[in-house]
Amino acid sequence: MIREPLVLGIETSCDETGIGIVRGRTLLANVIASSMDEHARYGGVVPEIAARAHLEALQPTLSAALAEADVSLDDLDAIAVTSGPGLAGALMVGVGAAKALALGAGKPLYAVNHLVGHVGADVLRDDGSEIELPTIALLVSGGHTSLLHVRDLVDDVELLGETIDDAAGEAFDKVARLLGLPYPGGPQIDRVAADGDPAAIRFPRGLTLPKDLEKHRYDFSFSGLKTAVARWVEKTEAAGSPVPTADVAASFREAVVDVLLTKALAACADRGVPRLLLGGGVVANARVREVAAARCAEAGIELRIPPLSLCTDNGAMIAVLGAELVARGRRPSPLSFGADSTLPVTSAQAL
């Protein structure tokens, strides 16, 4: 068992090629190559383009990370890679590269869960504070909106709820397109909403009515909200009135933030857990962080947000989860594992 293993992590679940290197819980390198600009012309991630971009970016990203950490492949104690969930083709590129590296360098390989990695990113905080468990974790990204009860990072992660249609990030992208804003939608909505009134339009809060809460207390739905925005814009344009883009963006953003935090704080109260951890790219949204801080303070809930550089998809979070497995003496994953686009969050390691 190695107390502070030197681990390299590979992340290729979507459109970002991430290579991270950690020593135990100390971050040594975090290099990311994004293919976002290539997808922008299509208004969303194209899986085939993402996979091709990973192939082109892996070698230079790996070299940059090793140089930044000032280590070689021979120095590593292990390699970790995202095996799921994510885009199947993109995952296959990372998994194939990780297997080749592990075999070539003679290093153990750990196949880990992308979503659990987002929780693990919190242990790489700049202030060095330890993550306290159990915690409720709200993970919000382009492809995932998940609410977790984390009692142990490796052994006990319970899925409380998730999106049943569009993830929050997808809703941001689609509404941005409706408003004539470029991809990716999250930063654009955030920028425009700064000049709008979040109370100007009362958009629906999906799955928050009493009848919905019986079956979907912790689940999310943003498809109806997206449709409501589209109908509101169409009605306004049909009446010959200009669309108040800033107000629409601010009101839409407020509806998303309200649903996310209402359900997350309900989970904290129901489970008796006075901690909430936020993760995923949507956490970069200024309003999400602002409202989360205010509502957690009001409820007496400790709020933890990893550094913004570790909220989006990255290799460092994969490396630190791998390091945790190594430090606990877990066996490496067999080389027979494959990319699993629907890997359940209850499995921190693919076996």
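Residues numbered from 1 in each chain as written. Predicted model: local features only at pLDDT ≥ 70, side-chain atom pairs only at ≥ 80, totals over all residues. Heavy atoms only, no water.

> What should I look at first to understand the packing of helix H2 (residues 47-69) against helix H3 (residues 88-105) in this one?
A pair of packed helices is characterised by two quantities: the angle between their axes and the separation of those axes. For the pair H2 and H3, interaxial distance at closest approach is 8 Å and the crossing angle is 35 degrees. Pair H2 / H3 crosses with right-handed handedness. Side by side, H2 and H3 meet where Ala51, His54, Leu55, Leu58 and Leu62 of the first sit next to Gly89, Ala90, Val93, Ala97 and Leu101 of the second. (Axes fitted to C-alpha atoms, helices over the stretch in contact; angles between N-to-C directions. Helix = DSSP H or I, 4+ residues; strand = E, 2+ residues; numbered from the N terminus. Left-handed = near helix turned anticlockwise from the far one by under 90°. Contact = heavy atoms within 4.5 Å.)

> I keep staring at the UniProt feature "binding site: Fe cation" (unreviewed entry) in the chain and nothing clicks. Help me out?
Per the UniProt record, "binding site: Fe cation" (unreviewed entry) is found at His114, His118 and Asp313. Judged by maximum C-alpha separation, these annotated positions cover 200 residues in sequence but sit close together in space, the widest gap being only 8.5 Å. Taking relative accessible area as the criterion, His114 reaches 2% and is therefore assigned buried. Each residue touching His114, except ones within four places of it in the same chain, is listed here: Glu11, Ser13, Thr82, Gly84, Pro85, His144, Asp313, Met317 and Ile318. A polar contact is formed between the side chain of His114 and the side chain of Ser13, at a distance of 3.3 Å. One can find Asp313 in the loop between strand S10 (302-304) and helix H11 (315-327). Apart from residues lying up to four places away in sequence, Asp313 is in contact with Glu11, Ser13, Cys14, Glu16, Ile32, His114 and His118. In terms of polar contacts, Asp313 uses its side chain to reach the side chain of His114, at 3.3 Å. (UniProt positions renumbered as here; feature names shortened; annotations may be inferred. Buried < 20%, exposed > 50% of the residue type's maximum accessible area, 1.4 Å probe, protein only. Polar contact = N/O pair within 3.5 Å; in protein donor to acceptor, adjacent residues only side chain to side chain.)

> Explain unusual backbone geometry here, please?
Trans is the prevailing form of peptide bonds, just as negative phi is the prevailing case for residues other than glycine. The step from Leu133 to Pro134 runs through a cis peptide bond, and the omega angle for that step is 5 degrees. Structurally, Pro134 is set in the loop between helix H4 (114-120) and strand S6 (135-140). The residue Asp70 is not glycine, and still its phi comes out positive at about 60 degrees. Checked against the element boundaries, Asp70 lands in the loop between H2 and strand S4 (78-84). Of note in the backbone geometry, Leu207 takes a positive phi value of approximately 55 degrees without being a glycine. With respect to the helices and strands, the residue Leu207 is situated in the loop between helix H6 (185-193) and helix H7 (210-216).

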